[in-house]
Amino acid sequence: MVKYKRILLKLSGESLMGEKQYGIDEVRLGEYAQQIKEIHELGVQIGIVIGGGNIFRGLSGASKGFDRVKGDQMGMLATVINSLALSSALGAIGVRSKVLTAVRMEPIGEFYSKWKAIDTLEAGEVGIFSAGTGNPYFTTDTGSSLRGIEIEADVMLKGTRVDGIYTADPEKDKSATKFKEITYDEIYTRGLKVMDLTATTMCKENNLPIVVFDMDTVGNLKKVIEGEDIGTYVHN
Ligand SMILES: Nc1ncnc2c1ncn2[C@@H]1O[C@H](COP(=O)(O)OP(=O)(O)O)[C@@H](O)[C@H]1O
Ligand SMILES: O=c1ccn([C@@H]2O[C@H](COP(=O)(O)OP(=O)(O)O)[C@@H](O)[C@H]2O)c(=O)[nH]1
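Residues numbered from 1 in each chain as written. Chains lettered and ligands numbered in written order. Predicted model: local features only at pLDDT ≥ 70, side-chain atom pairs only at ≥ 80, totals over all residues. Heavy atoms only, no water.

**Student:** How would you summarise the overall build of the chain if you had to cite specific residues and measurements?
**Tutor:** Of regular secondary structure, the chain possesses eight helices and nine strands. For the chain, whose C-alpha radius of gyration is 16 Å, the value lies close to the compact-globule estimate of 18 Å for 236 residues. The 236 residues of the chain split such that 51% are buried. Taking contacts inside the chain between residues at least 6 apart in sequence as the whole, the part at least 24 apart equals 72%. Within the structure as shown, the chain displays about 10,800 Å² of accessible surface, and the carbon and sulfur contribution to it stands at 54%. A gap of 2 Å separates the mean positions of the 28 positive and 32 negative side-chain charges of the chain. (Helix = DSSP H or I, 4+ residues; strand = E, 2+ residues; numbered from the N terminus. Rg over C-alpha atoms; globule rule 2.2 N^0.38 Å. Buried < 20%, exposed > 50% of the residue type's maximum accessible area, 1.4 Å probe, protein only. Contact = heavy atoms within 4.5 Å. Areas by Shrake-Rupley, 256 points an atom, 1.4 Å probe, with all protein chains shown as cover. Lys, Arg positive; Asp, Glu negative; His and termini not counted. Charge placed at Lys NZ, Arg CZ, Asp CG, Glu CD.)

**Student:** Kindly report on the site of ligand 2, identifying the contributing residues and their values.
**Tutor:** Looking at ligand 2, there are 21 residues lining it, with Lys10, Asp72, Thr133, Asn135 and Thr140 nearest. Measuring from an oxygen atom of ligand 2, one finds a backbone N or O atom of Gly52 at 2.9 Å. Separating an oxygen atom of ligand 2 from a backbone N or O atom of Met76 is a distance of 3.5 Å. Of all the cavities here, the one that holds ligand 2 is the largest pocket. (Near = heavy atom within 4 Å. Polar contact = N/O pair within 3.5 Å; in protein donor to acceptor, adjacent residues only side chain to side chain. 1 Å grid on protein atoms, 1.4 Å probe; cavity = no way out; pocket = protein on both sides within 12 Å on 5 of 7 lines; lining within 4 Å. Sits in = over half its atoms within 2 Å of the grid points.)

**Student:** Mind laying out the pairing of strand S6 (residues 155–160), listing which residues take part and the relevant values?
**Tutor:** Counting buried residues along S6, six of its six residues qualify, which places the element largely inside the surrounding structure. Sheet analysis places strand S1 (residues 6–11) next to S6, joined by five bridges and oriented parallel. Within the sheet, the bridge partner assigned to Lys10 lies in S6 and is Lys158. (Pairing = 2+ DSSP bridges.)

**Student:** Describe the UniProt feature "binding site: ATP" (unreviewed entry) in the chain, naming the residues involved and giving the relevant values.
**Tutor:** Residues annotated by UniProt as "binding site: ATP" (unreviewed entry) correspond here to Lys10, Leu11, Ser12, Gly13, Gly53, Arg57, Thr160, Tyr166 and Asp169. A maximum C-alpha distance of 24.5 Å shows the annotated residues, which cover 160 residues in sequence, to be distributed over more than one spot. Checked against the lining of the largest pocket, the annotated residues reduce to Lys10, Ser12, Gly13, Gly53, Arg57, Thr160, Tyr166 and Asp169. Tracing the chain through its elements places Ser12 in the loop between S1 and helix H1 (26–40). The contact partners of Ser12, leaving out residues within four places of it in the chain, are Gly51 and Gly159. A polar atom in the side chain of Ser12 sits 3.1 Å from the backbone nitrogen of Glu14. By secondary structure assignment, the location of Gly13 is in the loop between S1 and H1. According to the relative accessible area criterion, Gly13 is buried, its value standing at 3%. Dropping the residues within four chain positions of it, Gly13 is found in contact with Gly51, Gly52, Gly53, Asn54 and Asn82. (UniProt positions renumbered as here; feature names shortened; annotations may be inferred.)

**Student:** How would you summarise the packing of helix H5 (residues 140–150) against helix H7 (residues 197–205) if you had to cite specific residues and measurements?
**Tutor:** Two elements in contact, H5 and H7, have axes separated by 7 Å at closest approach and are oriented at 15 degrees. Relative to H7, the element H5 is oriented roughly parallel. Considering the relative orientation of H5 and H7, their crossing is left-handed. In this structure, H5 contributes Asp141, Thr142, Ser145, Leu146 and Ile149 to the contact, and H7 contributes Thr198, Ala199, Met202 and Cys203. In terms of residue class, the contact of H5 with H7 is made up of five nonpolar, three polar and one charged. (Axes fitted to C-alpha atoms, helices over the stretch in contact; angles between N-to-C directions. Parallel < 35°, antiparallel > 145°, perpendicular 65-115°, else oblique. Left-handed = near helix turned anticlockwise from the far one by under 90°. Nonpolar A, V, L, I, M, F, W, Y, C, P; charged D, E, K, R; others polar.)

**Student:** Kindly report on H7, identifying the contributing residues and their values.
**Tutor:** Every buried residue of H7 is listed here: Ala199, Thr200 and Cys203. All buried residues of H7 project into a common sector of 100 degrees when viewed along the axis, lining one side. In this structure, the buried residues of H7 make contact with H5, S6, helix H6 (184–189) and strand S8 (210–214). Backbone geometry just downstream of H7 places Asn207 in the positive-phi region, at approximately 55 degrees. (Arc of directions from axis to C-beta.)

**Student:** Describe the sheet that holds S8, with residues and values.
**Tutor:** In spatial order, the strands read S4-S3-S5-S2-S1-S6-S8-S9-S7; together these nine strands make up an open sheet with mixed pairing. Two strands lie at the open edges of the sheet, namely strand S4 (110–111) and strand S7 (181–183), each paired on one side alone.

Now the structure itself:
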């Protein structure tokens, strides 16, 4: 029994590095593809946004003298590279997917529109929405909330390397404790940084719930879809 029929799954580009210091770890990519196949077989409609931090981020580029807008464009292209890799990995295990791009770049991907995205999901294909919002000064967290709202997803699943939202960054503060659930407002009032505020605000204003969970533990994605109580549930 699935709890969510249509999801927006946000995957961290950084997590795609797996054991590597840069780029794409084929083992991690294969694990992601296998988990996506598992829930696809449950009949879940799946929209995916994958980041690009394993390749390039505009903000870090700016600190090295890159023009911020050009740096962000490089970052958006990084998300397209990751999207093509994921689409290829899914194809290799028999799952059809379509890469839609927020910036026109046929034949690499089809230019994104809400209706093309929904048609893709309705056709039983996995939709991979690349290049984020298509605009600089955003991250794929915001790209994910935007696409999740557009496709009228039941939930946005933020699959990352931490297993939920904590009272502080668990990678820095070992005394931090995990929330089983939290409101969007509490994320603001406590100044929690797991997702950028633009993305949190969009989800709040459009009532799109979020589950932050550890995607790097194989099997967790299916557990979230089946309603098991893992990660942190964010709601109004
Ligand atoms: N309060 C918090 N709770 C959980 N994670 C947090 C918090 N504050 C900061 N973080 C950090 O946010 C990151 C969330 O990962 P994520 O945003 O997916 O990385 P990426 O930027 O690659 O997408 C984690 O690496 C974690 O260390
Ligand atoms: O709508 C968007 C989405 C992404 N980016 C750029 O692409 C980079 C990679 O995305 P992100 O940092 O979200 O990847 P992740 O954190 O998931 O690795 C960002 O840092 C931005 O530079 C952008 O400019 N606009």
